[in-house]
Every structure is written in C-alpha cells, then in structure tokens.
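A structural walkthrough
Here is what each chain is made of, one letter per residue.
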Amino acid sequence: MASLGESRLISKACLNDLQSVDIVPTVSDRIAQMVGKIYLEPELEPYFHPDSYGYRPGKSAIQAVGVTRQRCWRYDWVVDLDIKGFFDNLDHKRLMKLLRKHTDREWIHLYVERWLKAPAQSRDGTLFNRNIGTPQGGVISPLLANLFLHYAFDEWMQRNYSSILFERYADDIIVHCRSEKQARWIKAMIEKRLAQFGLKLHLEKTRIVYCKDDDRKGSYPNEKFDFLGFTFRPRRSKNRWGKHFINFSPAVSKKAVKSMHQTMRDWHLHLRSDKSLEDLSCMFNPILRGWINYYGSYYKSALYPVFRHLDRILVRWAMRKYKKLRRHQRRAGYWLKRIAQNEPRLFAHWQLIQ
C-alpha cells in the first residue's frame, strides 16, 4: 500500500544491472529542497488537473478513493494502470524542459538538476551517476513527479479525451470507461503516450476491470481492483430501507490488513509487561485512530478482524502481566472485555467493535 505519506526515504533502483539504493538527502539538502518546493508549488498548482490528488495542498488519498467510488457507480468499466518503475525511469532532460516552461529562475534549474543527478550507491558502496529517475525521499520529488505526469498523462487526457474521467495519485491511476471496447482502446492509447515519455505500463499489473453490481449482468475475469489501500469489488450492502443489494464499493485491502498486522507484531506489545493498559493506549492510540479515520471511511466492518486480532494480543499481554490470568486465556479474555465495556474510550478501536 501503497503507502500514503511521503515517498520512501530509501528506494531500490537498478543501475548497470546492480542493486543500488538512493542516498538519503542530508539535512541541508532537505532544507534547500523545501525552499525550492515553497517557491515552485504556487507556480505549478494552478496548472495541475483537479483529478490529480497526490501530494497536493487541499487534496488527499481519501478524496481520490471517494471520487473513484462514485464514478464506479456511473461507469461499468475501469482501467487500473500500473506504470513500471515510474520513479526509476523519469527522464531528466524532459523534466528539466517541462520545468523551464514554468520558471526562468536559474537557481531553481541548477538545484533541481543537482537533486535529480544525486548519485545512487550499490551494495558494495560504489557510487553511480544517474541519468534517469528521481531520488525518492526528497522533499521536492513528489512535486517534480506530478509535473512530469501532468504533461505525460493528465493534460494529454484532458486535451484529447476530456469525456473519459480518471483519478491519479502520484503514479497510481484509475480510468473510467463506458464499455470494455472503450477500455481496451484507451489502454492502448495511454500505452503509446507513456512510451513517448520513456515510460512503460506494467502489462501484468495493468488490468481492465468490470465494476459489477446488481444492475450489471454477466461475469468477467477481473471484477475487483486495489487503489490506495482499498479493494474495490462487489459487496453486499444495505439501503436506507433495510434492503440488501450488491454494490461495487471499496474496503480495506488484504495488503493493507497484512501491513497493519505486521505493524502490530513490530510493537511487541505482548512483551511490554512493564506497561499499564493506560500506557499502551497512549502509545498506540494515535496509530489506531489513523487507521480508523482512513480505512474506516468506507465499509468499516472490514476492519473488525484487524482489531479483534489486536485484542487477542492484549489478552496475551494480560496473561503475561498478571499472575492470576496466566494459563487462563478465557479468563483473560473476559477481563479485557469487561474493561472495554466499562471504558470504551481507553482504546480507539473499542468504540468501533463493541
């Protein structure tokens, strides 16, 4: 999952068939990049497409998910685009040419070119100069990526195919179509367009998906897709009158659930017997609230198994901390349940699953 915050600090790249990693920007470099971003962002923002949501002021991933949900109800098909190694294959010369369209400040040109050409380091410590790709983790990298894809994709779509709607978050793109034929055609057009900018679609991951619901008949190989940590697929829903129907909607994806489980394991919560239950809630509630606020925006019930798993970990913690609960899992479960019922605000997820 994705992820959903700033680009990864260290990314893998392939230079001269050797594994390498970006060098993490120094503090002074990050300050300089922030100055460049503060200057450039107001210059570029008025040109960016309204359906570009990644790393922009006033835009968010959850907004992109909401718009995608509404449009999947209106259009039967989507093209789920996956650009192969976008950040590793961004063309420096073309990006600098696009940058010069928007500013004539030489200091910006010099600094951006320097950041783009920051060397990568192989496993054995050897430094390589880069001719393509943007260092991930740089403060200004998302803005430069948006500039590149604005001209490679957004502006081109608006100019040539304004009736075909899309949502883009960085290099994650969903395109809405009225028919399978239109979806196959626009996919081919996009593939040709990206090739002009030195980019390729990952053909195994780029898919044409049927947004099936109660009113859409027939079956197709692909009837679900992932976008920004959510899986869109046919789901059983209930309308305002209590009647059940099949609705094409998002819910937290399996990949996001797996990531949350890994985060919980990394807490080693069951080993923190030196902490009180109140200590644990203070330590982990901010993260839990973040998950609930984001993934709970749609189909909250899909989060219930995640938080029941967390409660099982808390039961293990209680069994380790209190002698009277050791080797008594059921008793520890009842003990935790009573606390959850009496103090539902202690942990952020308890109000959700009680």
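Residues numbered from 1 in each chain as written. Predicted model: local features only at pLDDT ≥ 70, side-chain atom pairs only at ≥ 80, totals over all residues. Heavy atoms only, no water.

Let's talk about helix 1 (residues 27–44)
How we decide: Each helix corresponds to a stretch of at least 4 residues labelled H or I by DSSP, and each strand to a stretch of at least 2 residues labelled E; elements are numbered beginning at the N terminus. In this scheme, a helix's expected span is set at 1.5 Å multiplied by one less than its residue total. Here, two residues are considered to be in contact whenever any of their heavy atoms come within 4.5 Å of each other.
Taking 1.5 Å as the rise per residue, helix 1 with 18 residues should run 26 Å; its terminal C-alpha atoms sit 25 Å apart, in good agreement. Elements in contact with the buried residues of helix 1: helix 3 (92–102), helix 4 (106–116) and helix 5 (141–160).

A look at the sheet that holds strand 10 (residues 230–238)
Heads up, the rule is: DSSP calls a pair of strands paired once it identifies at least 2 bridges connecting them. As a rule, the C-alpha atoms of each element are fitted with a line to give its axis, helices using only the stretch in contact, and angles between N-to-C directions run from 0 to 180 degrees.
Strands sit in the order 9-10-11 across an open sheet of three strands; the sheet is antiparallel. The sheet is open, and its two edges are formed by strand 9 (225–227) and strand 11 (244–252), each paired on a single side. Strand-to-strand, the axes of this sheet are offset by a mean angle of 50 degrees, without reference to chain direction. In the sheet, strand 10 pairs with strand 11 via nine bridges, with the strands oriented antiparallel. Within strand 11, the position partnered with Phe232 by the bridge is Pro250.

Looking at the packing of aromatic side chains
Let me state the cut-off plainly: Pairing of aromatic rings covers Phe, Tyr and Trp, the last through its six-membered ring, and needs centres within 6.5 Å; plane angles under 30 degrees mean stacked, over 60 mean edge-to-face, and all others mean tilted. We call a residue buried when its accessible area falls under 20% of the maximum for its residue type, exposed when it is over 50%, and partly exposed in between, using a 1.4 Å probe and counting protein chains only. The criterion for a charge sitting over a ring is simple: Lys NZ or Arg CZ within 6 Å of the ring centre, and within 35 degrees of the ring normal.
Considering all chains together, one arrives at 25 aromatic pairs under this definition. Taking the centre distance of 4.9 Å and the plane angle of 45 degrees together, the rings of Trp77 and Tyr210 count as tilted. Highlighted residues: Trp77 in strand 3 (residues 77–82) and Tyr210 in strand 8 (residues 207–210), separated in sequence by 133 residues. Tyr210 matches Trp77 in its accessibility class, with the two residues each being buried. Directly above the ring of Tyr322 sits Lys321, whose terminal nitrogen or CZ lies 5.9 Å from the centroid.

Details of the nonpolar core
Nonpolar side chains in soluble globular proteins tend to end up buried together. The test is simple: Among buried residues, the Ala, Val, Leu, Ile, Met, Phe, Trp, Tyr and Cys ones that are joined through side-chain atoms within 4.5 Å form a nonpolar core.
Counting 56 residues, the largest nonpolar core has Phe225, Leu269, Leu277, Tyr295, Phe307 and Trp350 as the members making the most contacts within it. It is helix 9 (residues 304–321) that provides the largest number of residues to this core, a total of nine residues. If you look at the next biggest cluster of nonpolar residues, it comprises 45 residues, including Leu44, Ile140, Trp156 and Ile186.

Overview of the pattern of salt bridges
We apply this condition: Salt bridge, as applied in this entry: a Lys or Arg side-chain nitrogen positioned within 4 Å of an Asp or Glu carboxyl oxygen.
Taken as a whole and judged by the stated rule, the model has nine salt bridges. Here Asp76 makes a salt bridge to Arg216, at a shortest N to O gap of 2.8 Å. One end of the pair, Asp76, is in the loop between helix 2 (61–74) and strand 3; the other, Arg216, is in the loop between strand 8 and strand 9, with 140 residues separating them in the sequence. One salt-bridge network, held together by shared partners, links Asp51, Arg71 and Glu167.

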